[in-house]
Amino acid sequence: MATEADRVESNSQSSNSVEKVPSAIVRFCGDSGDGMQVTGDQFTSAAALAGNDLSTFPDFPAEIRAPTGTLYGVSGFQINFASRDVFTPGDAPDVLVAMNPAALKTNLKDLKRGGLLVVNSGAFNALNLKKANYEANPLEDGSLAGYQVMSIDISKLTVTAVAEAGLSSKDAGRCKNFWTLGLMFWIYGRDLAPTLKWIDSKFKKSASVALANTLALKAGYAYGEAAEVFHHRYEVPKAPVAAGTYRNIGGNTAMAWGLVAATQLTGLPVTLGAYPITPASDVLHELSRFKHFGVTTIQAEDEIAAICAAIGASYAGSLGVTATSGPGMALKMEAVGLAVSVELPLVILNIQRGGPSTGLPTKTEQADLFQAVHGRNGEAPVCVLAAATPGDCFHMVLEAVRIATKYMTPVILLSDGYLANGAEPWKIPDVNSLPKIKVEFRKDPEGFHPFLRDPQTLARPWAIPGTPGLLHRIGGLEKDYKSGHISYDPQNHELMCQTRAAKIEGIAQDVPELEMVVGEDSGKLLVLGWGSTYGAIREGVQRCRERGLSVSHAHVRHLNPFPKNLGEVLKRFDRVLVPELNLGQLVQLIRAKYLVPAESYPKIQGQPFKIDEIEAKIRSMLES
Amino acid sequence: MATEADRVESNSQSSNSVEKVPSAIVRFCGDSGDGMQVTGDQFTSAAALAGNDLSTFPDFPAEIRAPTGTLYGVSGFQINFASRDVFTPGDAPDVLVAMNPAALKTNLKDLKRGGLLVVNSGAFNALNLKKANYEANPLEDGSLAGYQVMSIDISKLTVTAVAEAGLSSKDAGRCKNFWTLGLMFWIYGRDLAPTLKWIDSKFKKSASVALANTLALKAGYAYGEAAEVFHHRYEVPKAPVAAGTYRNIGGNTAMAWGLVAATQLTGLPVTLGAYPITPASDVLHELSRFKHFGVTTIQAEDEIAAICAAIGASYAGSLGVTATSGPGMALKMEAVGLAVSVELPLVILNIQRGGPSTGLPTKTEQADLFQAVHGRNGEAPVCVLAAATPGDCFHMVLEAVRIATKYMTPVILLSDGYLANGAEPWKIPDVNSLPKIKVEFRKDPEGFHPFLRDPQTLARPWAIPGTPGLLHRIGGLEKDYKSGHISYDPQNHELMCQTRAAKIEGIAQDVPELEMVVGEDSGKLLVLGWGSTYGAIREGVQRCRERGLSVSHAHVRHLNPFPKNLGEVLKRFDRVLVPELNLGQLVQLIRAKYLVPAESYPKIQGQPFKIDEIEAKIRSMLES
Amino acid sequence: MTDTTATPVKLTKKDFESDQDIRWCPGCGDYSILANVQRVMPELGIPLHQMVWVSGIGCSSRFPYYMNTYGFHTIHGRAPAFATGIKAANPELSVWLVTGDGDGLSIGGNHLLHCLRRNLDINLLMFNNRIYGLTKGQYSPTSEVGKITKSTPSGSIDQPVDPASLALGANASFVARSVDIEAKHLGEMLKRAAAHKGTSFLEIYQNCNVFNDGAFDPIREKGQKEDTQLLVENGKPLVFGREQNRGLRLNPKTMKLEVVTIGENGVTLADILVHDESNSALAYLLAKMPFPAFPVALGVLFSEDRPTYDGDLHQQRVTALEKSGTPDLQKLLNSGNTWTV
Amino acid sequence: MTDTTATPVKLTKKDFESDQDIRWCPGCGDYSILANVQRVMPELGIPLHQMVWVSGIGCSSRFPYYMNTYGFHTIHGRAPAFATGIKAANPELSVWLVTGDGDGLSIGGNHLLHCLRRNLDINLLMFNNRIYGLTKGQYSPTSEVGKITKSTPSGSIDQPVDPASLALGANASFVARSVDIEAKHLGEMLKRAAAHKGTSFLEIYQNCNVFNDGAFDPIREKGQKEDTQLLVENGKPLVFGREQNRGLRLNPKTMKLEVVTIGENGVTLADILVHDESNSALAYLLAKMPFPAFPVALGVLFSEDRPTYDGDLHQQRVTALEKSGTPDLQKLLNSGNTWTV
Ligand SMILES: Cc1ncc(C[n+]2csc(CCOP(=O)(O)OP(=O)(O)O)c2C)c(N)n1
Ligand SMILES: Cc1ncc(C[n+]2csc(CCOP(=O)(O)OP(=O)(O)O)c2C)c(N)n1
Ligand code: SF4
Ligand code: SF4
Ligand SMILES: [Mg+2]
Ligand SMILES: [Mg+2]
């Protein structure tokens, strides 16, 4: 095998016809046990190191560990990498790598017509075909005619390639993902070195496994080099990204790190109360690693206890945070009402998933906006924000912390399964450049009462137990505006309701005005988005603009209150389109508020918008 | 004392100057222990028997049993009775009966200038004055100059009057409410007989108490007759009400009785799952008395268990109902989502109270509309209804049952503290005239699956455990449109979301079109109301129409979906005003849906609109 | 549980198998429980359509999908509340509830406790794998202190709760324990649960081979379990061990249990405490025995006959109807003060 | 509870009285509890500003408004969860929680149980009046079967739960009982609770004279209580009665308690079981004794020292910091795979 490896070395400069392409979309898919996520991660690292801009999205099965070979056990990973800015993991893959029949069955429909299909023919045995509901072997019945098919017995080639490592044949077979990765590295002209290094450190406890994976990787690469069948290699040149140090980051990690950063920027300890739920659990997992930053995580007995603990923590002078999704969010609403009533800072992270009810726990959706804005008993206004990209989660969580502490209010920050699990290169901020968030506890007993308001922000003072001279009681009954004591007075209740509403409305004065992401600030069509649809809308609008259409893209991050110029912006366009992963929620809110005939473009399939869909929709509106 | 009583008899025909008035508003107020609710009830019965139309509203203290004489221990009861239709308990009382200083202090501001003030001077001692925060005795300091003051030592007169009954002086003093009632009966020329009969039956276990109350009632009446000070008696003639048998009914009783009626009209047993909460508890209390109708009540461990038990009951073939308020409603939302997902009939009664959070538990508000329509995770549409008057609660609960069973959906019926505790004369329906509600369980295994839909209603079949041949499983995960099995398919999810939405939207075809309550169906101003504001809006609009203003009143009972002609109706008016006991919720929903510049008239004081307020608002809009 | 049979039915294991693909991880202890349940069900003589399986959310709570009966996969932690409504509406149904240590003890602890004290006539199976399976491995209320999981990288600090002790404290009328792969014992326990009227609380130790593999090895694996399982039987001495020569003795002064060996230090079988299912304090002691100093008690720890919630609800309806005669809606509407115009 | 004093403070009862009007019904047992609490607090030497009273919703839960300390009147049933956050954020605070039998056992049963097992270092006072007071008189989880209330005109059918037994089943570290008007005993119990590190669960029988008057008369009224209260003390024989000549004996065969009279049938003081606060099974037996066949046990039924949740949370933060040194945010952001353009 050393000879094979040598051949790779010696041939690595040899160039078949290398086609320069501006971008490529590659999807790896296979059985949950086939290691597709690792393969995708390594392929991503290589693209990043090569200077491409990129975006990725994994697609896990809903089951923990589905039986091998089943349709519902298929795991996928898609990457879009390019020599220009990239904002989504891409629509239809240019290259599909399918490790077994089930993967082929569930993914083929997405592959571009004429795209490259790499199949592990070794997995296309009768049993697997049956599990995938194939009546005939698709590799043989001509049904793949529309694609460039590379049918390779990867299983067998891998076992042969790694023989030297002396693994059992089962374990040897496990290396096939690295073989495949090697082949893909060859196609895209990647350097093997970083992955080889990664293999060494990852498997340092088992030299034989490390060796086998190394051999597999190199063998796959060598196969590309040797096999006549590959007509093309591709080169995706570097993207002109801003100078800086980058890393890949997913939305949940960015959320968690944003909170870690908040401990430093506010000087406050953070207390997260959370109850595990897909796809929010990783916020808890990630945050539990940062106790040394002053982060406390409480895995509570349920979502209600989780938010109540967070409120209790805020009451006692920590920054209370809770993170959840779907049904968990519904359970928190009573307590959110209390936080509104007692006016304590609180950050609520809702990593939205498919609903209603248990719904589609592993799929993405944006259908909790109404709930965030309207979902409580009584007049209980809160601030609502939404992150647009995985990296944006870091910054938006800091914005949530800023608003929560400055205005003494709960802030709901909306993310979703797509942001949580997707990843993008993220320019690592210089910590010193991050804005400090000023937080002061009330200390002065002079003139104090717990609902004495800052005339500017209308916020009440944050007066925490342990402070001499500020003894007081708070609770969920209505309070007297002038003393903070319980009050059943009619006029006072109205005043308090209006004041709480005005406090939230006032935040509009304190957030950036809405600016165009793409396009002029007036024209025929404004595409107004929020949350994770950012990338697809941005690219879709860009494509239409390249066709000369008068369309712009604006993206709302502050959903309650809206940026103060939103109404004005809307009126400068002939038409407004609001694409959302729900049945139309933001569109209703802006229609109600601004009386503009904004049009809804709903999609509710547990999946993000495709760029194509946005493009087609805009064209259908402007080209007819 | 027999002599006194005789005098009453003999003088009862004698007439001072009796002034005919079209209506009167009387408020009784006193300490919680003063028996004001009983007094009000008896006065109400007398007005009803005399043929007046009327409306009443009690005002309990928030405390269970506040210390005597305190401001927060004041209990009140207001009645509006008239020779014409009456729709609210009235704004400012013509007559205020105040049994102690605290009652005077808290209620005087509402009395009409020049109104009649009956005060029990016997309670105006130093201690009581202090408890009521009076620095000087208002009966003596000239501060009551603007009213016709009848200051009578009722306490003392009562004790004297009932001496014969041989009660302790404390118990004797307790009869003062009947003395007062007697006086009021004299003023309004009421027959004592029915109340005397009521006293006999109520106190049949204690002859001496019955006697004492009888004596007190007669003595009060006699006092009116004898005292020179009363210049006027009033007569409020009969109102031209439709023929029929009437009773007084409050909203919670009407709700409960509607559900009892539902057992007969649907043939289904009713299972209520509830957890006590003000002001909804009485629905549980009342319903628990009707086990013989096939009503089962479960006092659950919390609101979540309550609704889950109701859903379980519906699943097993009973009609599941839950009733709650405020924070309790917030807790139910996760389970409502499940009911939406599994498409089971469910009736949710939300007797709204002041919010946010614990808020003002004993006060009324309409601030849960947004929550009803939007307050769940995911796209989880439900039908939302609202009752307009106490008696309407009976009919609207039947409407909720009809829709829930026909469309296999949760229905939220909104009431509020004002409807719950208020009462109005209600024409008792002929049971045979009530519409039957057809409910059929699926029996036929042929072609069955649990999400097979009726093409007309889009409802799924109600297939209950215990039925041979229909074995199936349901749950909150997304289901396949074509089989009802779990499905993670993207297109299917969209189809199911749209179908659930279309099912609810379709109900609009099956409910009455919106008609005017008062006025033409086009004009300058439409006042659009919902829920308990009915009476005040109706009367306010009527008054403005009498001034010649072009204004009409329409009242929405179906809030999701709206009646199908609502959009059209709105467009026929120049302006639309939406008065609500919140900060503006319905107004936002109709602006969003119909893009009409409807204007909000919010009030959020824990109290209903006054007719005056509606009138003034309309006039300010149309007379400027 | 009510035996609701009207007509005797002869069913087989197959009859109880639904047509749905089973989606637990290969090797999961849930498979074994499912197989045993399906094996035992036919013996109960309950028609398929009279049986309802209710669950919350979790791997364990997927159970109803695999049973060819009626099934309701509800929301997390609330299954007992749904079951309450089901039995209130139709006490004739044979209702089986499946929950997990997270579903039933974490978010759902309160509903569990109220179900137990009310004695709703259902069979409640708690699959205890000491982990949250479905959410991919966080510690649960039954996880041992110091457990390293995704959410507790420095080890969990919460003292666990023992489900059987909790059930006893909550006034349960039937408390039993078994093990996922102990086919015979589990089968017996299922039948005992079915036979008991009231909430039959059966805790089943279940191996989650993906996120908490081996949690029960000491009492589950051949070679070890022979010395660690104490199979309690009513009226029988509490002996255990490979040779069945070890036993529990009560020290009447301290009111504490001791492990003794029969034949050593003069200990005879007569010294060994005899199991009494009706003694809740004994059950409490057995449930709380610390392992490995003591064996793990399996079997019916406690059983007591008393009225059921759904039975009483039903009885109240019957009594009310007997008292009132045919209900008359018109009479109700016309009751009290009325007047005619 | 932590004694959080740094500087010794000399406070009086008055110092603990807030300026708010007390709004319980005249005659309510809550007044007596409040007075006793305010009387005892100065003895604990905790500065006012270091003390937080937390509650849910109910008459009892109004308590914090009347204490001149920090106070948080939260939402129904969730007070233990708020307390968890408070102690997580500041373990130095002396946190006292007031709940009712409805607040703490009905809607809030689950939070209670998790608080107890975690052993959060707070003092948890449950005012048990066997009724829902604030909502005007519905039966509660501690109401006796057959109770006629507004919501149960035909009598309640739910078996009640005994709070102390439940707490033991939930693995509580401290379980005690007292009575609203037993000033001395209640005072002692409050001090014991305060001294215990961990969740000190103190159930206080409280008379609701409006909706459940007399519920505790047999153990509360002079003339009766002398024979019905069993005041347990660690290391002392379990005797009771006017003459203190009745006692509890354990039957070692049946593992059941018997009431015996010293001096009759040859029973001597030596036969009487001695109270051992560290024995949870004994506590369970005492808690569950059926009245009136047995007396009602008052006092500290169980107490055990073990780590507290907030203490461990704090320790984990300290250890993490020791291990890692000053946390470096920039280092975190730059950790793992990065590349520079
Ligand atoms: C309201 C709500 N919160 C959280 C979740 C996420 N969740 C699903 S199952 C589960 C725990 C499952 O643990 P367990 O009951 O022990 O079941 P297992 O998977 O171990 O069988 C959690 C937290 C949810 N589905 N709903
Ligand atoms: C979520 C919610 N549900 C219901 C209520 C109504 N409620 C207030 S207190 C209470 C029960 C109080 O009983 P308990 O805790 O025993 O207190 P007590 O009044 O007897 O002291 C209820 C049901 C509420 N405030 N919030
Ligand atoms: S995660 Fe564990 S409990 Fe869940 S199916 Fe897999 S092995 Fe079983
Ligand atoms: S209702 Fe009962 S518990 Fe509440 S304050 Fe009155 S007497 Fe006390
Ligand atoms: Mg588990
Ligand atoms: Mg109580």
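The coordinates are above.
Nothing here was measured: the structure is a model prediction, and the numbers come from that model. (Residues numbered from 1 in each chain as written. Chains lettered and ligands numbered in written order. Predicted model: local features only at pLDDT ≥ 70, side-chain atom pairs only at ≥ 80, totals over all residues. Heavy atoms only, no water.)

Some details on the overall build of chain C
In terms of regular secondary structure, chain C is built from 11 helices and 12 strands. Against the globule reference of 20 Å for 341 residues, chain C gives a C-alpha radius of gyration of 22 Å, in line with a compact fold. In terms of its C-alpha atoms, chain C occupies a principal-axis envelope of roughly 90 × 50 × 45 Å. Residues counted as buried form 65% of the 341 residues belonging to chain C. Within chain C, contacts between residues at least 6 apart in sequence are counted, and of these 67% link residues at least 24 apart. Carbon together with sulfur atoms contributes 52% to the accessible area of chain C, which is approximately 11,300 Å² in total. (Helix = DSSP H or I, 4+ residues; strand = E, 2+ residues; numbered from the N terminus. Rg over C-alpha atoms; globule rule 2.2 N^0.38 Å. Buried < 20%, exposed > 50% of the residue type's maximum accessible area, 1.4 Å probe, protein only. Contact = heavy atoms within 4.5 Å. Areas by Shrake-Rupley, 256 points an atom, 1.4 Å probe, with all protein chains shown as cover.)

Some thoughts on the pattern of salt bridges
The full count for this structure, using the stated rule, is 97 salt bridges over all chains. Lys87(C) is the salt-bridge partner of Asp310(C), the closest N and O atoms lying 3.5 Å from each other. Taken together, the residues span a long stretch of sequence, with Asp310(C) in helix α10 (residues 309-324) and Lys87(C) in helix α2 (residues 79-89) at a distance of 223 residues. On the accessibility criterion, Asp310(C) (2% relative accessible area) is buried. Residues Glu304(D) and Arg306(D) are paired through a salt bridge, measuring 2.9 Å at the closest nitrogen-oxygen approach. Looking at Glu304(D), the relative accessible area reads 29%, which means it is partly exposed. Put simply, Arg543(A), Arg547(A), Asp612(A), Glu615(A), Arg619(A) and Glu623(A) are held in one network by salt bridges that share partners. (Salt bridge = Lys/Arg side-chain N within 4 Å of Asp/Glu carboxyl O.)

Some remarks on helix α12 (residues 303-315) of chain A
Residues and elements named next belong to chain A. Under the 1.5 Å per step criterion, the end-to-end length of α12 is 18 Å for 13 residues, consistent within 8% with the ideal 18 Å. The buried count for α12 comes to 13 of 13 residues, which makes it a mostly enclosed element. The backbone nitrogen of Ile-304 has a side-chain oxygen 3.0 Å away, supplied by the residue at the start of α12, namely Asp-302. Where α12 ends, the next residue or the one after it, Gly-317, has phi of about 105°, a positive value. (Expected span 1.5 Å × (residues − 1). Polar contact = N/O pair within 3.5 Å; in protein donor to acceptor, adjacent residues only side chain to side chain.)

Points about the site of ligand 1
In the vicinity of ligand 1 lie 22 residues, with Glu303(A), Cys59(C), Ser60(C), Asp101(C) and Asp103(C) positioned nearest. Asp103(C) is positioned such that a nitrogen or oxygen atom in its backbone is 2.6 Å from an oxygen atom of ligand 1. At the level of elements, α13 (326-342) of chain A together with α3 (101-107) of chain C are the ones that each hand at least two residues to the shell around ligand 1. Looking at the shell around ligand 1 element by element, the count peaks at 3 residues for α3(C). (Near = heavy atom within 4 Å.)

What to know about the packing of helix α20 (residues 586-594) of chain A against helix α20 (residues 586-594) of chain B
α20(B) packs onto α20(A) with a crossing angle of 105° between their chain directions and a minimal axis gap of 7 Å. Regarding the angle of α20(A) to α20(B), the classification is roughly perpendicular. On α20(B), the residues that touch Gln588(A), Arg591(A), Ala592(A) and Lys593(A) of α20(A) are Gln588(B), Arg591(B), Ala592(B) and Lys593(B). Of the residues that constitute the contact of α20(A) with α20(B), the class distribution is 2 nonpolar, 2 polar and 4 charged. (Axes fitted to C-alpha atoms, helices over the stretch in contact; angles between N-to-C directions. Parallel < 35°, antiparallel > 145°, perpendicular 65-115°, else oblique. Nonpolar A, V, L, I, M, F, W, Y, C, P; charged D, E, K, R; others polar.)

Examining the interface of chain D and chain A
Contact residues are listed per partner, giving 55 residues for chain D and 67 residues for chain A. Buried area between chain D and chain A, summed over both chains or domains, comes out near 5,000 Å², and the portion from carbon and sulfur atoms is 65%. Arg118(D) is paired through a salt bridge with Glu301(A); the nearest N and O atoms lie 2.9 Å apart. Linking chain D with chain A are 24 residue pairs in polar contact (both at pLDDT 80 or more), by the criterion used here. The set of elements that each furnish at least two residues to the side of chain D that touches chain A consists of β2 (70-73), α2 (79-89), α4 (109-118), α10 (309-324), α11 (329-333) and β12 (338-340) of chain D. Considered class by class, the residues forming the side of chain D that touches chain A number 24 nonpolar, 24 polar and 7 charged. Pairing geometry for strand β17 (residues 473-475) of chain A and β2(D), over 3 bridges, is parallel. (Buried area = accessible area lost by both parts, 1.4 Å probe. Pairing = 2+ DSSP bridges.)

Looking at the site of ligand 4
By nearness alone, every residue bordering ligand 4 is listed as Ile64(B), Trp24(D), Cys25(D), Cys28(D), Cys59(D), Asn129(D), Gln206(D), Cys208(D), Asn209(D), Val210(D) and Phe211(D). Near ligand 4, the surrounding residues belong to chains B and D. Split into classes, the residues belonging to the shell around ligand 4 amount to 8 nonpolar, 3 polar and no charged.

Considering the sheet that holds strand β13 (residues 346-352) of chain A
Residue and element names in this part refer to chain A. Reading across from one edge, β11-β10-β12-β13-β15-β14-β21 is the order of the 7 strands in this open sheet, with mixed pairing throughout. The sheet terminates laterally at β11 (295-299) and β21 (558-560), the two strands that pair on one side only. Strand-to-strand twist across the sheet, computed as the mean angle between neighbouring axes with direction ignored, equals 20°. Two elements, strand β12 (residues 319-324) and β13, share 4 bridges in a ladder whose sense is parallel. Bridge assignment links Val-321 to a residue of β13, and that residue is Val-347. In the packing of helix α15 (residues 390-407) onto the sheet, contacts are made with β12, β13, β14 (383-386), β15 (410-416) and β21, and the angle to β14 comes to roughly 170°.

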